[in-house]
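Chain by chain, the residues:
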Amino acid sequence: MSAAKRSSIEKGSTNSQLEPSVAPKGAELDFGGDSTLPPPPELTAEEEHRLYRKLDLRLMPILSLMYLLSFMDRGMVQRNIGNAKIEGLTTQLHLTGNRYNIALTMFFIPYCLFECPANLVLKKFRPSRWLPGITVVWGTVMTLMGLVKTYPQLVGVRICLGVAEAGLFPGVVYYLTLWYPRKQLQFRIGLFFGAASLAGAFSGLLAFGIGFMNGIGGLEGWSWIFILEGLATILVGILAAFVLVDFPATAKFLTPEERAYVIWKKKYDNSSVGEQEVFAMKYLWAAFSDWQIYLHILIYMSIIGPLYGISLFLPSIISGFGFSTPISQLLTVPPYLFATTLTLTWGYYSDKVGRRYPFILMGLCMLTIGFAIQISDAHRGAKYFGTFFCVAGSYAAFPGVVAWLGNNLSGQYKRGVGMAVQIGIGNFAGAIASNIFRTQDAPRYILGHGIELMFIGIGFISLFLAVLIYTRINAQRDANEASLVTGAEKSSDGEERKYGYTIQELKDLGDRAPDFRYML
């Protein structure tokens, strides 16, 4: 193709006669609205890089900001109650015994149960309305949390917060899979999940500053933590409604040629015929009956359990080293800054080499070192050093865990349900992590750190099994492919076939199709 034609995408010409893509015949069914667009142009590597950078600049800042506030507001994953606990919440609401842990746990039940339904309705209700809408709702709930006066009120508001926030993380991850091909996904997940580790740093700094508002308006310092962050969340949700777009085919900030290329790139990302995108109950069953989802749940829990544990209780753990409340809050900042840097670095190189498991393995190794130091009777300086391994190991490995399953599920609804099931069930590890760091175990928390090491051990075993099974299936498909008819052929009824299957049969097979290769 001529350079003039290739460059037409940069000029935004809608009349240029571009060559059709190399899509196989028989795959003309509409995919994401591509039938309304011109044929996709051929791009150089540099032009493609500019196109996806354009997507990044439009999508990633607002998604990252929403998730940053989600982690700060959630309190579960990102310690707002952990910070508020040492700012007076424990005494004012009489959080005696295991009441604090119960308040943490009650978030997870609705949060886990509503994640799968939320992903199913994402496309129905449009991402540009659904994601900002739930952001405004949980921001409102978060603001009300700062006004609670009794323990039952706190538990009730936390249940509402779990319902409101359930759709954000699985929804954003699924949303990104509609825009980016497999080998560009982890870095993008790392970009917006890196906001979570930044939230850890900001949460400590904000709690330190807002703590000095104690008594203003007749409210305790912990109340102001929730009120101000809730109000900020509402404002960001309103902003997101004007910034987010729904799907590539409707993205008006792209030219028609750019939209066509993004759809084409995703369409043939992991299949020679494109993936299925029409809803049917059989695709839900395909997700629930797929072995890899359940193995990935164990890998997910092995990372998210330590992540929740260290995030929820890091202020209390550091406070147990003998530091004052303000110093404890400030000391939580450096581990999260380190984790943010590592998350982005690993995401970049994971996409570059096209591998997920090596970086998850490195995260598990870091977690082993970190929690082994915590459970020991080491000096407080060594234990503080160990928190860097605990925080960074869990946060940096997490985007790879989520991206890996998304990469290996084909079919938009199967992927959406499968990822929601992984995240929904996997997040029950958060409920466990909420109850293993007991007050009576301070300051060493031997039980809590021991259970975290158990999660990590499960991760090592599950990761090994996943790599082994994926490798064997890929090798078997490589061997079988030589004996299959790879080119297009016509059956007796005139229907086009590849590998002995009709085009629709290959779409229905999804990641079980003979031409699909699992990413390691």
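Residues numbered from 1 in each chain as written. Predicted model: local features only at pLDDT ≥ 70, side-chain atom pairs only at ≥ 80, totals over all residues. Heavy atoms only, no water.

### Description of the overall build of the protein
Next up, step 1: Regarding its fold elements, the protein presents 22 helices and three strands.
Next up, step 2: Counting over 520 residues, the protein shows a buried share of 60%.
Next up, step 3: Long-range pairs, those at least 24 residues apart, make up 81% of the contacts in the protein between residues at least 6 apart in sequence.
Next up, step 4: If you sum the accessible surface of the protein, you get close to 19400 Å²; carbon and sulfur atoms cover 66% of it. (Helix = DSSP H or I, 4+ residues; strand = E, 2+ residues; numbered from the N terminus. Buried < 20%, exposed > 50% of the residue type's maximum accessible area, 1.4 Å probe, protein only. Contact = heavy atoms within 4.5 Å. Areas by Shrake-Rupley, 256 points an atom, 1.4 Å probe, with all protein chains shown as cover.)

### Things to note about the pattern of salt bridges
If the charged atoms of two oppositely charged side chains come close together, the side chains can form a pair.
Next up, step 1: Inspection of every chain in the model, using the stated rule, returns nine salt bridges.
Next up, step 2: Between Arg50 and Glu46 there is a salt bridge whose closest N-O contact spans 2.9 Å. With a gap of four residues between them, Arg50 and Glu46 both fall in helix α3 (residues 45-74), about one helical turn apart.
Next up, step 3: With its nearest N and O atoms 2.7 Å apart, the salt bridge here joins Asp478 to Arg517. Of this pair, Asp478 sits in helix α21 (residues 446-481) while Arg517 sits in the segment after α22 (503-509), and the two are 39 residues apart along the sequence.
Next up, step 4: Members of the salt-bridge network, linked through shared partners, are Asp290, Lys414 and Asp511. (Salt bridge = Lys/Arg side-chain N within 4 Å of Asp/Glu carboxyl O.)

### Some thoughts on the side chain of Ser64
Next up, step 1: Looking at the element boundaries, Ser64 is found in helix α3.
Next up, step 2: Sequence-distant contacts of Ser64, that is, excluding residues within four places in its chain, are made with Leu191, Phe192 and Ala195.

### Topic: unusual backbone geometry
Next up, step 1: In this model, Arg126 sits at a positive phi of 70 degrees, which is unusual for a non-glycine residue.
Next up, step 2: Residue position: Arg126 is located in the loop between α6 (115-125) and α7 (127-145).
Next up, step 3: According to the relative accessible area criterion, Arg126 is partly exposed, its value standing at 38%.
Next up, step 4: Within the chain, Tyr445 stands out as a residue other than glycine whose phi angle is a positive 50 degrees.
Next up, step 5: Locating Tyr445 in the fold gives a position in the loop between α20 (428-433) and α21.

### Looking at the packing of helix α5 (residues 99-113) against helix α8 (residues 151-165)
Next up, step 1: Where α5 contacts α8, the two axes come as close as 7 Å, and the packing angle between them is 30 degrees. Relative to α8, the element α5 is oriented roughly parallel. In this structure, α5 crosses over α8, and the sense of that crossing is right-handed. Contacts between α5 and α8 involve Arg99, Ile102, Ala103, Leu104, Met106, Phe107, Pro110 and Tyr111 from the first element and Tyr151, Leu154, Val155, Arg158, Ile159, Leu161, Gly162, Val163 and Glu165 from the second.
Next up, step 2: Residues that form the contact of α5 with α8 fall into these classes: 13 nonpolar, one polar and three charged. (Axes fitted to C-alpha atoms, helices over the stretch in contact; angles between N-to-C directions. Parallel < 35°, antiparallel > 145°, perpendicular 65-115°, else oblique. Left-handed = near helix turned anticlockwise from the far one by under 90°. Nonpolar A, V, L, I, M, F, W, Y, C, P; charged D, E, K, R; others polar.)

### Describing the nonpolar core
Next up, step 1: Counting 131 residues, the largest nonpolar core has Leu63, Leu131, Phe169, Leu176, Trp179, Phe192 and Phe398 as the members making the most contacts within it.
Next up, step 2: The biggest single contributor to this core is helix α14 (residues 291-319), with 16 residues.
Next up, step 3: Residues in contact with Phe169, not counting those within four places in the same chain, are Tyr67, Tyr111, Phe192, Phe193, Tyr300, Phe398, Val402 and Ile423. (Core = buried A, V, L, I, M, F, W, Y, C linked by side-chain atoms within 4.5 Å.)

### Focus: the side chain of Ser70
Next up, step 1: Mapped onto the fold, Ser70 is located in helix α3.
Next up, step 2: Dropping the residues within four chain positions of it, Ser70 is found in contact with Trp138, Glu165 and Leu168.

### A word on the confidence of the model for the protein
Next up, step 1: Scored by pLDDT, the protein comes out at a mean of 80, with 78% of its residues at no less than 70.
Next up, step 2: Mean pLDDT across the elements of the protein bottoms out in helix α1 (residues 3-6) (40) and peaks in helix α17 (residues 357-375) (95).
Next up, step 3: In the model, residues 1-30 has pLDDT below 50 throughout and makes 59 contacts with residues more than four positions away in sequence or in other chains. (pLDDT = per-residue confidence, 0-100.)

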